[in-house]
Amino acid sequence: MTEGRLPPGQYLPRGWPVLHYGPVPKFKPDTWDFRVFGAVREREWSWTWGEFSALPTTEVRADFHCVTKFSLLDNEWRGVSTAALVEAVPPTPDVTHVMIWAEYGYSANMTLSDFTAADTVLATHHGGEPLAPEHGFPVRLVCPRLYAWKGPKWARGIEYLTADRRGFWEERGYHNIGDPWLEQRYSYQEAPGDGPVV
Ligand SMILES: Nc1nc2c(c(=O)[nH]1)N[C@H]1C(S)=C(S)[C@@H](COP(=O)(O)O)O[C@H]1N2
Ligand SMILES: [Mo]
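Before going into details, it helps to say that this report is about the structure given with it.

Calculation notes
- Residues numbered from 1 in each chain as written.
- Chains lettered and ligands numbered in written order.
- Predicted model: local features only at pLDDT ≥ 70, side-chain atom pairs only at ≥ 80, totals over all residues.
- Heavy atoms only, no water.
- Pairing = 2+ DSSP bridges.
- Helix = DSSP H or I, 4+ residues; strand = E, 2+ residues; numbered from the N terminus.
- Axes fitted to C-alpha atoms, helices over the stretch in contact; angles between N-to-C directions.
- Core = buried A, V, L, I, M, F, W, Y, C linked by side-chain atoms within 4.5 Å.
- Buried < 20%, exposed > 50% of the residue type's maximum accessible area, 1.4 Å probe, protein only.
- Contact = heavy atoms within 4.5 Å.

### Topic: the sheet that holds strand β2 (residues 45-48)
Overall, mixed pairing links the five strands, which are arranged β2-β1-β10-β5-β6 in an open sheet. Of all strands in the sheet, those bounded by a partner on one side alone are β2 and β6 (107-111). For this sheet, the mean angle separating the axes of adjacent strands, direction not counted, is 15°. Pairing of strand β5 (residues 97-102) with β6, which is carried by five bridges, proceeds in the antiparallel orientation. Bridged to M99 within β6 is N109.

Set out below in structure tokens:
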């Protein structure tokens, strides 16, 4: 049943579309790292691929909503819990937002509370299989409560922010928050306080 599951304006496509800006990066396990930096309480951290892929994982079943209007229901994601990551590398108490960074400088910002929500995950698997290269292998962020552009594929790090800053699409006309249930698609829809001035 999809009753009540589709946010306004969304439809169910056939299959899983591939959507991103730029080329699919080549995974280089020897030099790959995942960094946590910015306003850290003690010190910045980074994991090699060997270390990151050995972290405990969690499963999340969630819907996925792209601002171009396709939605995918009941995705089974598995990966590293963002809440556990923030516990492992605590931010300073004044951190309010994070920037998720990916290959080629793609980025997306969100509140620390959206980032540490129980259904937000640094996914390495979908439907029990490792992510396909075009869907973000080896790791992508998934934050089901926000439009999918907020989930960088090929993620490489998290920056802790003490003030909000716009990411890649948020600087290019998309809404700073991006709640699909409120249809927060474009920056012109923002109310005062929804985000830093474009
Ligand atoms: N690195 C990176 N991640 C990205 C994007 C991108 O351009 N670059 N596009 C986003 C957008 S707009 C969507 S809808 C989803 C699409 O994910 P999919 O290709 O796995 O369906 O990836 C998101 N993550
Ligand atoms: Mo999207």
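### Quick notes on the nonpolar core
Within the largest apolar cluster, 27 residues are counted, with the highest numbers of intra-cluster contacts made by F34, F52, L85, F115, L122 and Y160. Residue assignment for this core shows that the elements contributing at least two residues are β1 (33-38), α1 (49-52), α2 (82-88), β5, α3 (112-115) and β10 (155-161). In terms of residue count, β10 provides more of this core than any other element does, three residues in total. When neighbours within four sequence positions are excluded, L85 is seen to be in contact with F34, V36, W47, F115, L122, I158 and Y160. One finds L72, A123, L131 and A148 within the second-largest nonpolar core, a separate group that totals twelve residues.

### Overview of unusual backbone geometry
Here the amide bond leading from F137 into P138 is cis, since omega sits at 10°, within 30 degrees of zero. Relative to the assigned elements, P138 resides in the loop between β8 (129-130) and β9 (140-142). With phi around 60°, D74 is a residue other than glycine that occupies positive phi space. Taking the relative accessible area as the measure of exposure, D74 reaches 34% and is therefore partly exposed. Phi is positive for W154, which is not a glycine, with a value near 55°. Locating W154 in the fold gives a position in the loop between β9 and β10. With relative accessibility at 7%, the residue W154 sits in the buried group.

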